[in-house]
Protein chains: 2
Amino acid sequence: MSAGTAADDTRSRLLATALRLFSKHGVGGTSLQMIADELGVTKAAVYYHFKTKDEITEAVAAPALQELLARMDEAERQRTRGAQIDQALSGFVDIIVRYRSLIALFNSDPGIMRAIERSLDGVENFAARMRTLLAGPDPDLATAINVNVMLAGLALAGGAPEQADLDDETLRTHLFDIGRRMLGRPKRRGARAEDKS
Amino acid sequence: MSAGTAADDTRSRLLATALRLFSKHGVGGTSLQMIADELGVTKAAVYYHFKTKDEITEAVAAPALQELLARMDEAERQRTRGAQIDQALSGFVDIIVRYRSLIALFNSDPGIMRAIERSLDGVENFAARMRTLLAGPDPDLATAINVNVMLAGLALAGGAPEQADLDDETLRTHLFDIGRRMLGRPKRRGARAEDKS
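Residues numbered from 1 in each chain as written. Chains lettered and ligands numbered in written order. Predicted model: local features only at pLDDT ≥ 70, side-chain atom pairs only at ≥ 80, totals over all residues. Heavy atoms only, no water.

*Asks:* Can you lay out the environment of B:K43 for me, pointing to particular residues and giving the numbers?
*Replies:* Residues and elements named next belong to chain B. As for its position among the elements, K43 is in helix α3 (residues 43–49). For K43, a relative accessible area of 33% translates into the label partly exposed. Put simply, K43 and Q33 are ten residues apart on the chain and 5.8 Å apart in space, counted from C-alpha to C-alpha. (Helix = DSSP H or I, 4+ residues; strand = E, 2+ residues; numbered from the N terminus. Buried < 20%, exposed > 50% of the residue type's maximum accessible area, 1.4 Å probe, protein only.)

Next up, the structure:
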């Protein structure tokens, strides 16, 4: 195994360890030393990859944010409003479900959001773009609040301990259906109770 | 003014100051000394009222929790499921709107929830009772998740900066309508669009 590969391996173990420690102690309660100790490496080895805890925090969150960005790009390319809404919602729900432990950390620790906002100043843009995709460019107040409640509710409940035992597909289906219903989208083919039509 | 009244006045100013400092610096970032300095009193004067920061945190949250408890009692006394749901939802929404800055603090700082959970071990019960009132005693998975998304979304979005400029009555009406729609309750009399009946 080359030195480069070993370093990459250490980097991804480091990020997984950081996420676990952040989840347990909060970002504020986790030090670079604790990450080094948990990994069984020196603090210098951690420094080789990341100079600050904020850099680690950002790297922990980056894959989910990159993916959300890609899904929003895809949604914006759709031709109809309905398809845009469905794509944006399904991207949002997929990422909540797939990155549940990260989302739970976001929800429980404002430190991680602040660290990401400082370094990646696009986070507010992420939220604004997602809201525009779902509510349209100039929503009335009822629509704007509804979309805010939906996004907050899906993210918070998706990462909550009550749902921790559900498998990804079950959670995904339920959250997507709740989102569609809140946005007034028609029932999906294959979903129950289209019997009135 | 009697000494007792002056002490009561200091106590309520102390709690208002604590909430303001907690909102600004987080519970973890606020010390008894900072509260004393902000009030222009000695730390001994703060100690006269509260021995620990947890006691202050609990006292800051107590009025909202007491009120939520009273509203749940009232909801449980209703005879029909529909009336129970409406009472519980309207109590929940009223408290979110009235105690917005406290709710925003709850949302952004897990420290306050942990402090309250330690001292007032009924908090988990609060959430469980509210869920039972809204979803019924033995909900299917879809109903349970829907209620979790709704409670989380209303609380999080209600305390969010995007809604900070709305007056209480406007925010209350919108959140209540979103909740009723999510729970499948019929449109209220006086609300728009009952024109199909």
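After that view, the rundown keeps rolling.
*Asks:* Please set out the packing of aromatic side chains residue by residue, giving values where relevant.
*Replies:* Here the structure, examined in full by the defined rule, presents zero aromatic pairs over all chains. Looking at A:R172, its charged tip hangs above the ring of A:F176, at a distance of 5.7 Å from the centre. (Phe/Tyr/Trp six-rings, centres within 6.5 Å; stacked < 30°, edge-to-face > 60°. Lys NZ or Arg CZ within 6 Å of the ring centre and 35° of its normal.)

*Asks:* Please set out helix α10 (residues 168–182) of chain A residue by residue, giving values where relevant.
*Replies:* In this model α10(A) runs 21 Å from its N-terminal to its C-terminal C-alpha over 15 residues, within 8% of the 21 Å that 1.5 Å per residue would give. Restricting attention to buried positions, one finds in α10(A) the residues A:L171, A:R172, A:H174, A:L175, A:F176, A:I178, A:G179, A:R180 and A:M182. Lining the buried residues of α10(A) we find α5 (81–98), α6 (100–108) and α9 (141–158) of chain A together with α9 (141–158) and α10 (168–182) of chain B. For α10(A), the N-terminal cap is A:D167; the gap from its side-chain oxygen to the backbone nitrogen of A:E169 is 3.2 Å. Looking at the residues trailing α10(A), positive phi occurs at A:G184, about 70 degrees. (Expected span 1.5 Å × (residues − 1). Contact = heavy atoms within 4.5 Å. Polar contact = N/O pair within 3.5 Å; in protein donor to acceptor, adjacent residues only side chain to side chain.)

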